[in-house]
Amino acid sequence: MAATYYFAIVGTKDSPLYETELTSSSKAASNFDTTPKDDHRHLNQFIIHSALDVVEEVQWNNQALYLKVIDRFNEYYVSAFVTAGNARLLLLHDVKSEDSIKNFFNEVHEMYIKVFMNPFYETNTPITSQQFDSKVKFIARRFL
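Bear in mind that the values here come from a model prediction, so they are computed numbers and not experimental data. (Residues numbered from 1 in each chain as written. Predicted model: local features only at pLDDT ≥ 70, side-chain atom pairs only at ≥ 80, totals over all residues. Heavy atoms only, no water.)

Engineer: Kindly report on helix 3 (residues 130–143), identifying the contributing residues and their values.
Structural biologist: When the terminal C-alpha atoms of helix 3 are compared, their 20 Å separation across 14 residues agrees well with the 20 Å that a helix rising 1.5 Å per residue should span. When we look at burial in helix 3, the residues that qualify are Phe132, Asp133, Val136, Lys137, Ile139, Ala140 and Phe143. Summarising the axial view, the buried residues of helix 3 lie within an arc of 160 degrees, below the 170-degree limit, and thus occupy one face. With respect to the buried face of helix 3, the exposed residues turned more than 90 degrees away are Gln130 and Gln131. The opening residue of helix 3, the one whose side-chain oxygen lies 3.3 Å from the backbone nitrogen of glutamine 131, is serine 129. (Helix = DSSP H or I, 4+ residues; strand = E, 2+ residues; numbered from the N terminus. Expected span 1.5 Å × (residues − 1). Buried < 20%, exposed > 50% of the residue type's maximum accessible area, 1.4 Å probe, protein only. Arc of directions from axis to C-beta. Polar contact = N/O pair within 3.5 Å; in protein donor to acceptor, adjacent residues only side chain to side chain.)

Below, the structure is given as structure tokens:
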């Protein structure tokens, strides 16, 4: 059975800044298929977008940046991480593993801060860096 993950960074104006879809094989956790599947892509985007309202409700009652599992849709869970600048890191997944997801969010948050601190990056614009994309996928291989 393959675990599926859909990761998105949503900006302060509720626009997607970065998104990627990953599936891992249970035989080898280091093998990730990064080819997007168009049949589930729109459903994944819809689930993530609908979870934004729940993130806003939970973030005001919680001091932590990592909000854990905030929503559920059928067999999928939505985990959230809110940055100090109110950007939301959202992960749609079908396997619950809190510690590895928290570590994944912390590492990606570090990378996001480095992109955000770049003087050439404009706030709330899509992240198109191939280097950022490959590092996110490497972090996913390591923790998810």
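Further notes follow.
Engineer: Can you break down helix 2 (residues 98–116) residue by residue, with the values?
Structural biologist: The end-to-end C-alpha distance of helix 2 is 26 Å, a good match for the 27 Å that 19 residues give at a rise of 1.5 Å each. Along helix 2, the residues classified as buried are Ser100, Ile101, Phe104, Phe105, Val108, His109, Met111, Tyr112 and Val115. Here the buried face of helix 2 lies against strand 1 (3–10), strand 2 (16–24), strand 4 (66–73), strand 5 (76–82), strand 6 (88–93) and helix 3. (Contact = heavy atoms within 4.5 Å.)

Engineer: Any details on the packing of helix 2 against helix 3? Residues and values, ideally.
Structural biologist: Between helix 2 and helix 3, the shortest axis-to-axis distance is 9 Å and the interhelical angle comes to 165 degrees. Between helix 2 and helix 3, the angle falls in the class roughly antiparallel. Remark: the crossing between helix 2 and helix 3 carries right-handed chirality. Contacts from Ser100, Asn103, Phe104, Glu107, Val108, Met111, Tyr112 and Val115 in helix 2 reach Phe132, Lys135, Val136, Ile139, Ala140, Arg142 and Phe143 in helix 3. Each residue belonging to the contact of helix 2 with helix 3 can be placed in one class, and the counts come to 10 nonpolar, 2 polar and 3 charged. (Axes fitted to C-alpha atoms, helices over the stretch in contact; angles between N-to-C directions. Parallel < 35°, antiparallel > 145°, perpendicular 65-115°, else oblique. Left-handed = near helix turned anticlockwise from the far one by under 90°. Nonpolar A, V, L, I, M, F, W, Y, C, P; charged D, E, K, R; others polar.)

Engineer: So, the packing of aromatic side chains: which residues are in play, and what are the values?
Structural biologist: To describe a pair of aromatic rings, one takes the distance between the centres and the angle between the planes. Counting across every chain of the model gives 9 aromatic pairs. When the ring of phenylalanine 7 is compared with that of phenylalanine 104, the centres are 5.2 Å apart and the planes differ by 85 degrees; the resulting orientation is edge-to-face. Of the two residues, phenylalanine 7 sits in strand 1 while phenylalanine 104 sits in helix 2, which places them 97 residues apart along the sequence. What makes phenylalanine 7 buried here is its relative accessible area of 1%. Grouping aromatic residues by their ring pairs yields a cluster made of Phe7, Tyr18, Tyr66, Phe81, Phe104, Phe105 and Phe132. (Phe/Tyr/Trp six-rings, centres within 6.5 Å; stacked < 30°, edge-to-face > 60°.)

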